[in-house]
Amino acid sequence: MRPFFFTWLTFCLCLPLAAEATNRYQPLPAHATGRTASTGDSSAKPAQSNAPAQPVLAAKTQEAKNSSAVLGRAVNTLGVRYRWGGTSPEKGFDCSGLVRYAFNDIDDVDLSRTSNEMAREDGEKISRSQLKPGDLLFFNIRSRRVNHVAIYLGNDRFIHAPRGGKTVTIDTLNKPYWKSHYAMAKRVLPSSEPQLRVTTR
């Protein structure tokens, strides 16, 4: 049995080599020139291009830069005192003032002034499972209406200007207090995801 097995294995291994040798040394037809087809030959298959992937890659890179810029600008305000109506590190921040300050350098984003207006008018509503760094979190505190906004940092953490007597700080959605007051999330940064256009006939 073993001699037969080795004979069969040798045959299987040598068969591709024999086929390759046959293809390599097969004589050319009489009309063949032996040259590869030029680029002008209509029968030649066009080379595949990666061009469509380049705009998507560039968009994703820009999206990451925008997100990094927003988070960096926000984190640099840690410790700045809360001030109602405040919009600068020198004078202090309220919650929406901090958010507008963090997004100030993003050309394609023009946010409303208050947290309630941001929740109603700005960006695209997303689920909590879709959260990315740079998204906005909205809360309703002592009210049914949205009256507080924060910037999502990732890993359930967010940065915000909490209330009078406090400073800009980092908090977590895992705390029962913030879980109970969480209202919604929105994405205001330009997205690299392709948008589906629905047309009616």
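Residue indices begin from 1 for each chain and proceed along its sequence in written order. Since the coordinates come from a predicted model, pLDDT governs what is reported: local features require at least 70, and pairs of side-chain atoms require 80 or more to be given and counted, while whole-chain, interface and lining totals use all residues. Computation of side-chain values covers all heavy atoms of the structure but excludes hydrogens and water.

Chemist: So what exactly am I meant to see when it comes to the overall build of the chain here?
Modeler: Strands are runs of DSSP state E lasting at least 2 residues, helices are runs of H or I lasting at least 4, and numbering of each runs from the N terminus. Secondary structure assignment for the chain yields five helices and eight strands. Ordered by position from N to C terminus, the α and β elements of the chain give α-α-β-β-α-α-β-β-β-β-β-α-β. Only protein chains enter the accessibility calculation, which uses a 1.4 Å probe; a residue whose area is less than 20% of its type maximum is buried, one above 50% is exposed, and one in between is partly exposed. Taking all 201 residues of the chain together, 32% fall into the buried category. For the chain, restricting intrachain contacts to residue pairs at least 6 apart in sequence, the fraction spanning at least 24 positions comes to 54%. Any two residues whose heavy atoms approach within 4.5 Å at even a single point are treated as in contact.

Chemist: Explain the packing of aromatic side chains here, please?
Modeler: Each pair of aromatic rings is reported with the distance of its centres and the angle of its planes. Only the six-membered ring of Trp is used, alongside the rings of Phe and Tyr, when aromatic pairs are assigned; centres must lie within 6.5 Å, and planes under 30 degrees apart are stacked while those over 60 apart are edge-to-face, with the rest tilted. On inspection of all chains with the given rule, the structure shows six aromatic pairs. Their ring planes at 85° and their centres at 5.0 Å tell us that Y177 and W178 sit as a pair that is edge-to-face. Every member of this aromatic cluster is reached through a ring pair, and the members are F139, F158, Y177, W178 and Y182. Comment: the charge-over-ring label is applied if NZ (Lys) or CZ (Arg) is within 6 Å of the ring centre and within 35 degrees of the ring normal. Over the ring of Y101 we find R73, and its NZ or CZ is 4.0 Å from the ring centre. One Lys or Arg, R128, reaches over the ring of Y182 and ends 6.0 Å from the middle of that ring.

Chemist: Just checking my understanding: could you explain the pairing of strand β6 (residues 157-160) for this structure?
Modeler: Within a regular beta strand, the side chains point alternately toward one face of the sheet and then the other, so they alternate between its two faces. Note on pairing: DSSP must find at least two bridges between two strands before they are called paired. Pairing of strand β5 (residues 148-154) with β6, which is carried by three bridges, proceeds in the antiparallel orientation. Note on β6: the bridge partner recorded for I151 is I159. Between the antiparallel neighbours β5 and β6 lie two residues, among them N155 with a positive phi of about 55°. As defined by bridge partners, β6 adjoins strand β7 (residues 169-172) across four bridges and the pair is classed as antiparallel. Among the inter-strand pairings, F158 is bridged to a residue of β7, identified as D171.

Chemist: Help me understand the pattern of salt bridges in this model?
Modeler: Two side chains of opposite charge can pair, provided their charged atoms sit close to one another. For this analysis, a salt bridge means a side-chain nitrogen from Lys or Arg found within 4 Å of a carboxyl oxygen belonging to Asp or Glu. Under the definition given, this model contains seven salt bridges. With a shortest N-O distance of 3.4 Å, R73 and D105 are connected by a salt bridge. Residue R73 is found in helix α2 (residues 53-75), and its partner D105 is found in the loop between α3 (95-102) and α4 (115-121); the two are separated by 32 residues along the sequence. Given a relative accessible area of 22%, R73 falls into the partly exposed group. Close ionic contact of D156 with R128 constitutes a salt bridge, the shortest N to O distance being 3.7 Å.

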